[in-house]
Amino acid sequence: MTEFLETLRVQEGELLSPHIHNRRMHYTSPKVQSFDLSSIDVPLQYRSGIVKCSVVYSDKILDIKFSRYAPRPIRKLKVVECNTIDYHLKYADRRELNALRELRGESDDVLIVKNGFVTDTSFSNVVFRQDDLLFTPNTFLLNGCKRQELINKGRIEERKISLDDIKSYQCCYLINAMLDIEDNPFDVEIVF
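In this report, we go over the structure that sits alongside the text. (Residues numbered from 1 in each chain as written. Predicted model: local features only at pLDDT ≥ 70, side-chain atom pairs only at ≥ 80, totals over all residues. Heavy atoms only, no water.)

## Overview of the side chain of Glu149
Thinking step 1. Position of Glu149 relative to the elements: it lies in helix α3 (residues 145-152).
Thinking step 2. Here the side chain of Glu149 touches Lys146 through a polar contact of 3.2 Å, side chain to side chain.
Thinking step 3. Glu149 has contacts with Ser17 and Ile20, leaving out every residue within four places of it along the chain. (Helix = DSSP H or I, 4+ residues; strand = E, 2+ residues; numbered from the N terminus. Polar contact = N/O pair within 3.5 Å; in protein donor to acceptor, adjacent residues only side chain to side chain. Contact = heavy atoms within 4.5 Å.)

The structure is reproduced here in structure tokens:
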């Protein structure tokens, strides 16, 4: 049975954006539609600071775990090409993504290119800055919840971004349920 993963940010005891995560979880596995992520009770020891809540499910909720969150410092992304990867649903099995991450060499992570177009890193969507505008690839592997939230708010726009286009952007940010644009402390270098 295929297992899926939903990751939510818990900040000071509050689950952030559970409605967006519910939408993706219910689309992925309609059998869990009766479960509302906002009903998760955050244990007392995780009600301060920033915490990661991981929900594993298939046709039912299989596991809910909490852990303290500290972002990995990402300063350098190595471009890797893979035209066969499929991660349109947030699978709990990350072997294919992990195998691509192993190709990072001296870099901190990888920027995955599929059929000549930029997609995601091994753990996040990407946003590129061009002057005062922010763009995210419309050729993503996974339509992440933070990505969709920022699009809905009008903070970022979708755009087709080819491998050759990368050089026309001044900055790259990593975003996911745990990382917002403002949570990127480093200028990320992209290595070809």
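## Considerations on the layout of surface pockets
Thinking step 1. The volume enclosed by the largest pocket comes to roughly 550 Å³.
Thinking step 2. Together, 28 residues line the largest pocket, and Lys90, Arg94, Phe123, Ser124 and Asn176 are the ones closest to its centre.
Thinking step 3. Put simply, the parts of the chain that give the lining of the largest pocket at least two residues each are β1 (4-11), α1 (18-28), β7 (117-121) and α3.
Thinking step 4. When its residues are assigned to classes, the lining of the largest pocket shows 13 nonpolar, eight polar and seven charged.
Thinking step 5. As a volume, the second largest pocket reaches approximately 240 Å³.
Thinking step 6. If you go around the second largest pocket, you meet 13 residues; those closest to its centre are Arg23, Arg24, Tyr27, His88 and Asn143.
Thinking step 7. Looking at the lining of the second largest pocket, the elements that each hand over two or more residues are α1 and α3.
Thinking step 8. Ranked by the residues each element gives to the lining of the second largest pocket, the list is headed by α1, at five residues.
Thinking step 9. Looking at side-chain class alone, the lining of the second largest pocket contains five nonpolar, five polar and three charged residues. (1 Å grid on protein atoms, 1.4 Å probe; cavity = no way out; pocket = protein on both sides within 12 Å on 5 of 7 lines; lining within 4 Å. Points joined across faces, edges and corners; volume = space filled by probe spheres on them. Nonpolar A, V, L, I, M, F, W, Y, C, P; charged D, E, K, R; others polar.)

## So, the sheet that holds strand β8 (residues 125-130)
Two pairing modes exist for strands in a sheet, parallel and antiparallel, and in both the strands are linked by backbone hydrogen bonds.
Thinking step 1. The mixed open sheet is built from four strands, whose spatial order is β10-β9-β8-β11. The strands lining the two open edges of the sheet, one partner per strand, are β10 (157-159) and β11 (171-175). On average, each strand axis in the sheet is inclined to that of its neighbour by 40°, with strand direction left out of account.
Thinking step 2. Across three bridges, strand β9 (residues 133-137) lies against β10 in parallel orientation. Considered in β10, the bridge of Thr136 is made with Glu158. (Pairing = 2+ DSSP bridges. Axes fitted to C-alpha atoms, helices over the stretch in contact; angles between N-to-C directions.)

## Some details on the packing of aromatic side chains
Thinking step 1. Inspection of the entire model under this criterion finds six aromatic pairs.
Thinking step 2. Among the aromatic residues, those joined into a ring-pair cluster are Phe4, Tyr57, Tyr87 and Tyr91.
Thinking step 3. Looking at Arg159, its charged tip hangs above the ring of Phe135, at a distance of 3.6 Å from the centre. (Phe/Tyr/Trp six-rings, centres within 6.5 Å; stacked < 30°, edge-to-face > 60°. Lys NZ or Arg CZ within 6 Å of the ring centre and 35° of its normal.)

## Examining the environment of Leu100
Thinking step 1. Tracing the chain through its elements places Leu100 in helix α2 (residues 95-101).
Thinking step 2. Between the C-alpha atoms of Leu100 and Thr121, which are 21 residues apart in sequence, the distance is 9.4 Å.

## Quick notes on α1
Thinking step 1. Of all the 11 residues making up α1, eight are buried; the element is thus mostly covered by neighbouring parts of the structure.
Thinking step 2. Here α1 has its buried residues at Pro18, Ile20, His21, Asn22, Arg24, Met25, His26 and Thr28.
Thinking step 3. If you follow the buried residues of α1, they end up packed against β1, β2 (14-15), β3 (50-57), β4 (61-68) and α3. (Buried < 20%, exposed > 50% of the residue type's maximum accessible area, 1.4 Å probe, protein only.)

## Side note on the sheet that holds strand β6 (residues 109-114)
Thinking step 1. Reading across the sheet, the four strands line up as β7-β6-β5-β12 and stay open at both edges, with mixed pairing between neighbours. In this open sheet, the two strands that pair with only one neighbour each are β7 and β12 (189-191). Across this sheet, the average inter-strand angle for adjacent strands is 35°, counted without regard to direction.
Thinking step 2. Of the pairings in the sheet, the one linking strand β5 (residues 76-81) to β12 comprises three bridges and is parallel in character. Across the sheet, Leu77 pairs through a bridge with Ile190, a residue of β12.

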